[in-house]
Structures are given as structure tokens and as C-alpha cells.
Amino acid sequence: MTDEPLLRARGLTKHYGERIGCADVSFDLYEGEVLAIVGESGSGKSTLLGLLANELPATAGEVLYRMRDGIVRDIASLSEPERRLLARTDWGYVRQDSREGLRMRVSAGANVGERLMALGERRYAGIRETALTWLDRVEIARNRIDDRPTDFSGGMRQRLQIARNLVTNPRLVFMDEPTSGLDVSVQARLLDLVRGLVADLGLAIVIVTHDLAVARLLSHRIVVMRRGRVVETGLTDQVLDDPRDAYSQLLVSSVLAA
Ligand code: ADP
Ligand code: MG
């Protein structure tokens, strides 16, 4: 064990031309920790997640990640093969739109198995067995293994995305609004499932959400963003029950009033 952070964001800044996506964001994330990034639409949440996950180049600042071998790397300095391997094995990324997070034209089993193949697994029977185990874990019936995600409900697709991302035993999973657009009861089931997996697997998660109830249920710590900047950060209960910043207070009270 180590008390070094798993990931450190330092002064992360992204400009889109004149427009500011996010500005000067810094925080540490530890192993097994769930961090929620909250804020209204346009506050820079998805931009920040894209920078953390190495999907967008930063205008300034850096992301330091402690690799499995213990060496801390600036993710911008990774070679293309290193970057790809990290994204396919040690990291997961669950997208709001399942069509971006899944391959819709291949079976559920292949969606889960694909990342195992990226790790070098070649035995078909083993891959299928692992895929079945993961379908069980995310509560998708085994007899759906050969069906395509196009035949799945929205909730099932999100659960399949989770299986696809977790099958390689990642240490860090990014989630961008994984429950929005789903019916409330479907959301609750998905959140329950994620909470159980986090507890079982000791995953670190960075989850973007505009829904403070999601942050309350899942996260240990919260980062509140406004216009690309962090206005408050702290333990989830503390930020939601006793926000210090005027904007956080507004955000929390508008939810309470709703
Ligand atoms: P959120 O996820 O909190 O809704 P975003 O990160 O998507 O916020 O957006 C933050 C700001 O950056 C917004 O003003 C948005 O219009 C702008 N932005 C996001 N993506 C782009 C892009 N590809 N090109 C130009 N501006 C963008
Ligand atoms: Mg967004």
C-alpha cells in the first residue's frame, strides 16, 4: 500500500478558442476514492473529464498518474501504445450516450470480451466464460450474450458498458452522467449496482453529474464547478449539508427546493 495519490490534476486548463472550457483545476484522487464533479450545464465538467482521461489535450497544466508499476507519469508524455494500453486496461470510461461507449453492431459478449483481447487473452472459451460472469454481475441474463446492444433497454446498455469497462480490472473509471436520461427507477438500480461494485472492487471513480443525489449516493468527495472553475471542494456530506461557497449554496438549495 501507498499513500501516494493515484492521480493528481495540476492547474488543468482548456481553452476552446476564446471560450474557456475549464481553468486552473487541481486536486488529488486516491485509490478507492469516488470523486463527483458537479455543476450546472456548461460549467466544464465534461471538459475536465476529457482532460483527466487523456482524450483532450490541455491548454495548460498536467495530469500525473501512478502506473501499476508505481511510477508516476505525466499522461501527456505517454507514447501512443502506452496511452492506448492504459485506456483499455487500467482505466474505464462509461459514457452518458451508450452508443459512444459500446459497439452497437457486435454482441453483448463481444463488447465485454473485446477489452480482454486487448490484454492479450486469446482463448475463446475463457473470454466467453468471463463475459458471462460479468453479465451476471451487472444483472443481464446470460441468454442475452449473443444479442446486440441495439436490442437492449437504456438501463441494460449502461450496465453492459459497466461490464465492458470493468472486465479488465481497472483501477480508475471515468463516468460522464451515466444515469441521466434513464427513468428514475432504472437510475436507482444502476446506482445501486455501481455502489456495490465500487465497494467490492475498491475502484477509484471520477463521476460527472449535474444530479446532486447521485453525488450524495456514490461519492466521498465533491468538486463543485462553475464557469470552468472549481468553486468548492470537500467531503460530500460536508459540501452538500453545509456548503461554504455562495454558488454551492445556491446549487444545493435549488435542489432542496425542487
Ligand atoms: P458541462 O459538461 O459541465 O456541461 P462542458 O465541459 O461541456 O460543460 O463545457 C464547458 C464550456 O466549454 C461550455 O461553455 C461549452 O460551450 C464549451 N465547450 C465544450 N466543448 C466545446 C468544444 N468542442 N468547442 C467549443 N466550446 C466547447
Ligand atoms: Mg457534460
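Attention here is on the structure that accompanies the text. This structure is a prediction, so every number in the text was calculated from the model and none was measured.

Time to look at the pairing of strand β8 (residues 204-209). Along β8, six of the six residues are buried, which leaves the element largely enclosed by surrounding structure. Residues of β8 alternate between two faces, with Ala204, Val206 and Val208 on one and Ile205, Ile207 and Thr209 on the opposite face, all of them buried. With five bridges connecting them, strand β3 (residues 34-38) and β8 associate as parallel partners. Pairing of Val38 across the sheet is with Thr209, part of β8. Two strands pair when backbone bridges link them, and strand β7 (residues 172-176) and β8 are joined in this way by five bridges, in the parallel orientation. Paired with Met175 across the bridge in β8 is Ile207. With helix α7 (residues 184-201) bridging β7 and the parallel β8, this β-α-β connection has right-handed handedness.

What follows concerns the packing of helix α6 (residues 154-166) against α7. The interhelical angle for the contact between α6 and α7, taken along N-to-C directions, is 15°, at an axis separation of 10 Å. With respect to α7, the axis of α6 lies roughly parallel. Seen from above, α6 lies across α7 with right-handed handedness. Across from Gly155, Gln158, Arg159, Ile162 and Leu166 in α6, the residues of α7 making contact are Val186, Arg189, Leu190, Leu193, Val194, Leu197 and Leu201. The residue inventory of the contact of α6 with α7, partitioned by class, reads eight nonpolar, two polar and two charged.

What holds strands together in a sheet is hydrogen bonding between their backbones, with the strands either parallel or antiparallel. The strand order across the open sheet formed by four strands is β2-β1-β4-β5, and the pairing between neighbours is antiparallel. A strand with exactly one partner marks an edge of an open sheet, and here the two such strands are β2 (19-29) and β5 (72-74). Strand-to-strand twist of the sheet, defined as the mean angle between neighbouring strand axes without regard to direction, takes the value 20°. With five bridges connecting them, strand β1 (residues 7-16) and strand β4 (residues 60-66) associate as antiparallel partners. Looking at the pairing, Thr13 lines up with Ala60 of β4.

Parameters at a glance
- Residues numbered from 1 in each chain as written.
- Chains lettered and ligands numbered in written order.
- Predicted model: local features only at pLDDT ≥ 70, side-chain atom pairs only at ≥ 80, totals over all residues.
- Heavy atoms only, no water.
- Buried < 20%, exposed > 50% of the residue type's maximum accessible area, 1.4 Å probe, protein only.
- Helix = DSSP H or I, 4+ residues; strand = E, 2+ residues; numbered from the N terminus.
- Pairing = 2+ DSSP bridges.
- Right-handed = clockwise from strand over helix to strand, strands pointing away.
- Axes fitted to C-alpha atoms, helices over the stretch in contact; angles between N-to-C directions.
- Parallel < 35°, antiparallel > 145°, perpendicular 65-115°, else oblique.
- Left-handed = near helix turned anticlockwise from the far one by under 90°.
- Contact = heavy atoms within 4.5 Å.
- Nonpolar A, V, L, I, M, F, W, Y, C, P; charged D, E, K, R; others polar.

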